[in-house]
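Spelled out from the first residue to the last, the chains are:
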Amino acid sequence: MTRVFSGIQPTGHLTLGNYLGAMRRWAEVDQHRADSLFCVVDLHALTMEHDPARVRRLSRQTATLLLAAGLDPEVCTVFLQSHVDEHTRLSYLLECVATDGEMRRMIQYKEKAAKERDRGGSVRLSLLTYPVLMAADILAYGTDEVPVGEDQAQHVELTRDLAVRFNQRYGQAFVVPRATIPRVAARVMNLQDPTRKMGKSDDSGAGVVYLLDEPDAVRKKVLRAVTDSGRDVVYDRAERPGLANLLDVLAACTGGNPESLADVYDSYGSLKKDTAEAVVEVLRPVQARHRELCADPAYVEGVLRDGAEKARALARPTVDRAYRAIGLLPPVAEPSLSAAR
Ligand code: TYM
């Protein structure tokens, strides 16, 4: 059976981009057709300046929202990264096959490091090595497919390179995974600046729809979305990014196609209105389920405990195999070694 793994960082409140680009597919498609694991990657949240209490709060909230979005612990595995030591164990081995140059070429590293320097802060070493930990997340589970938004494609490409390199040097240890990117809404853009990705750590929330935004807040944000100076409704991502973004969001929410939806509208106003309502409708059941789950934190904790146990059992043999392959002795001397002494 195909193995699917994907992850999400608890670095901010989850956004419509996270939902349309990743989570919704995990819930509607991946968990039902593959042996799937979905991970709240809390260690990744420590790569930038962080507040420990906020990371704890957001880790719980992220896990709760994954379940609210429809991940079913009866058919998939949901867990926290820091509960499974295999991720960091494997990450170190992969640091021994990755190169410094490779890490410095990562777009997200360049962007986030520049932002941190602009703020007058210092760049944590873990921000540079972050993609290696992400590769470990994926490779530890013999993953075939990694369903992600477009912004993570480069990291999955690096993961493939590391897997191939390790296998060539030290023998077949890893499955070489591939990214699966959604047909529409692979990159939902900020509503106030459609040249930037809608991100959960954006400083201003005006262009970001959060999954837990009240319906009126959603409407306001979508109706105020920055559009382009033209008047006709056409789908052109390069020339009319604001409009294209709204068409993408509407298409993703209604199951349509952005190009054909452009033909249906003759004004920005009606497009915005329908997009706002479509987003409100998509978020409604997620929010309702979230409210129910918040009333039962013990259930969510139980899901995470069981999930970590299942994940550990899956990752352990793969990571142990990689330890042997790269030249590390097993902790307990094998009889043949003791005999040779
Ligand atoms: P993160 O937490 O930034 O995002 C989680 C998922 O949401 C997608 N996404 C988007 N898709 C479309 N439009 C957007 N505006 C948008 N914003 C976010 C992301 O592509 C992602 O699929 N490094 C990863 C987390 C990670 C991971 C992994 C993912 C760690 N280990 C292993 C897959 C496999 C990240 O920062 O995602």
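Residues numbered from 1 in each chain as written. Predicted model: local features only at pLDDT ≥ 70, side-chain atom pairs only at ≥ 80, totals over all residues. Heavy atoms only, no water.

## Quick word on the overall build of the protein chain
Item 1. A tally of helices and strands in the protein chain yields 13 helices and five strands.
Item 2. C-alpha extents for the protein chain along the principal axes are approximately 80 × 45 × 40 Å.
Item 3. Sequence separation of 24 or more characterises 76% of the internal contacts of the protein chain that already satisfy a separation of 6 or more.
Item 4. When the accessible surface of the protein chain is totalled, it reaches about 16,000 Å², and 51% of it is carbon and sulfur.
Item 5. In the protein chain, which carries 45 positive and 47 negative side-chain charges, the distance between the mean positions of the two groups comes to 3 Å. (Helix = DSSP H or I, 4+ residues; strand = E, 2+ residues; numbered from the N terminus. Contact = heavy atoms within 4.5 Å. Areas by Shrake-Rupley, 256 points an atom, 1.4 Å probe, with all protein chains shown as cover. Lys, Arg positive; Asp, Glu negative; His and termini not counted. Charge placed at Lys NZ, Arg CZ, Asp CG, Glu CD.)

## Re the site of the ligand
Item 1. Every one of the 27 residues lining the ligand counts as a neighbour, but Q9, Y130, D137, D151 and K200 are closest to it.
Item 2. Between Q152 and the ligand, the recorded distance is 3.0 Å, taken from a side-chain N or O atom to a nitrogen atom.
Item 3. One nitrogen or oxygen atom from the main chain of V188 is found 2.8 Å from a nitrogen atom belonging to the ligand.
Item 4. Expressed as a share of its isolated accessible area of 710 Å², the protein-covered part of the ligand is 97%.
Item 5. Elements represented by at least two residues in the shell around the ligand include exactly β1 (3-8), α1 (16-33) and α6 (125-139). (Near = heavy atom within 4 Å. Polar contact = N/O pair within 3.5 Å; in protein donor to acceptor, adjacent residues only side chain to side chain.)

## Observations concerning the packing of aromatic side chains
Item 1. Summed over the entire model, instances satisfying the criterion amount to six aromatic pairs.
Item 2. Ring geometry for F5 against Y141: centres 5.3 Å apart, planes inclined by 10 degrees, an arrangement best described as stacked. You can see F5 sitting in strand β1 and its partner Y141 sitting in the loop between α6 and β4 (145-147), a full 136 residues away along the chain.
Item 3. Judged by its relative accessible area of 2%, F5 falls in the buried class.
Item 4. Joined through ring pairs, the aromatic side chains of F5, F79 and Y141 make up one cluster.
Item 5. Directly above the aromatic system of Y323 lies the positively charged group of R89, at a separation of 4.4 Å from the ring centroid. (Phe/Tyr/Trp six-rings, centres within 6.5 Å; stacked < 30°, edge-to-face > 60°. Buried < 20%, exposed > 50% of the residue type's maximum accessible area, 1.4 Å probe, protein only. Lys NZ or Arg CZ within 6 Å of the ring centre and 35° of its normal.)

## Describing the pattern of salt bridges
Once their charged atoms are close, side chains differing in charge can pair, the charge on each being opposite to the other.
Item 1. Enumeration over the complete set of coordinates arrives at 20 salt bridges.
Item 2. Here K221 and D213 are joined by a salt bridge, their closest N and O atoms 2.7 Å apart.
Item 3. Judged by its relative accessible area of 14%, K221 is buried.
Item 4. A salt bridge links R219 to E277, with the shortest nitrogen-to-oxygen separation between them at 2.7 Å. Here R219 is found in helix α8 (residues 215-223), whereas its partner E277 is found in helix α11 (residues 268-294), with 58 residues between them in sequence.
Item 5. A relative accessible area of 23% means that R219 is categorised as partly exposed.
Item 6. Ionic contacts of the salt-bridge type, sharing partners, join the residues D30, R33, E145 and R178 into one network. (Salt bridge = Lys/Arg side-chain N within 4 Å of Asp/Glu carboxyl O.)

## As for the environment of L328
Item 1. Relative to the assigned elements, L328 resides in the loop between α12 (297-326) and α13 (335-340).
Item 2. Not counting residues up to four positions away in its chain, the partners in contact with L328 are L93 and Y323.

## Here's the deal with the domain arrangement of the protein chain
Item 1. According to the domain assignment, the protein chain consists of domain 1 (3-181 + 297-326) and domain 2 (205-292).
Item 2. Taking only C-alpha atoms into account, the centre of domain 1 sits 29 Å from that of domain 2.
Item 3. Contacts between the two partners involve 14 residues from domain 1, matched on the other side by 14 residues from domain 2.
Item 4. Summing the contributions of domain 1 and of domain 2, the shared interface buries around 1,200 Å²; its carbon and sulfur component is 76%.
Item 5. There are zero salt bridges connecting domain 1 and domain 2.
Item 6. Where the side of domain 1 that touches domain 2 is concerned, the elements lending two or more residues are α1 and α2 (52-68).
Item 7. Looking at the side of domain 1 that touches domain 2 residue by residue, the class counts come to nine nonpolar, four polar and one charged. (Domains from an automatic or database assignment. Buried area = accessible area lost by both parts, 1.4 Å probe. Nonpolar A, V, L, I, M, F, W, Y, C, P; charged D, E, K, R; others polar.)

## Description of the packing of α1 against helix α9 (residues 241-254)
Item 1. Two elements in contact, α1 and α9, have axes whose closest approach is 11 Å; the angle formed by their N-to-C orientations is 45 degrees. Taken together, the axes of α1 and α9 lie oblique to each other. In this structure, the crossing between α1 and α9 has a hand that is left-handed. Contacts from L16, L20 and R24 in α1 reach V249, A252 and C253 in α9.
Item 2. Classifying every residue of the contact of α1 with α9 gives five nonpolar, no polar and one charged. (Axes fitted to C-alpha atoms, helices over the stretch in contact; angles between N-to-C directions. Parallel < 35°, antiparallel > 145°, perpendicular 65-115°, else oblique. Left-handed = near helix turned anticlockwise from the far one by under 90°.)

## Looking at the nonpolar core
Item 1. If you look at the biggest cluster of nonpolar residues, it comprises 60 residues, and the most contacted ones within it are L20 and M23.
Item 2. In terms of residue count, the dominant contributor to this core is α11 (10 residues).
Item 3. Looking at this core, you find at least three residues from each of domain 1 (3-181 + 297-326) and domain 2 (205-292).
Item 4. Once residues lying within four places of it in the same chain are set aside, the contact partners of M23 are I8, L14, N18, L65, L66, A69 and L211. (Core = buried A, V, L, I, M, F, W, Y, C linked by side-chain atoms within 4.5 Å.)

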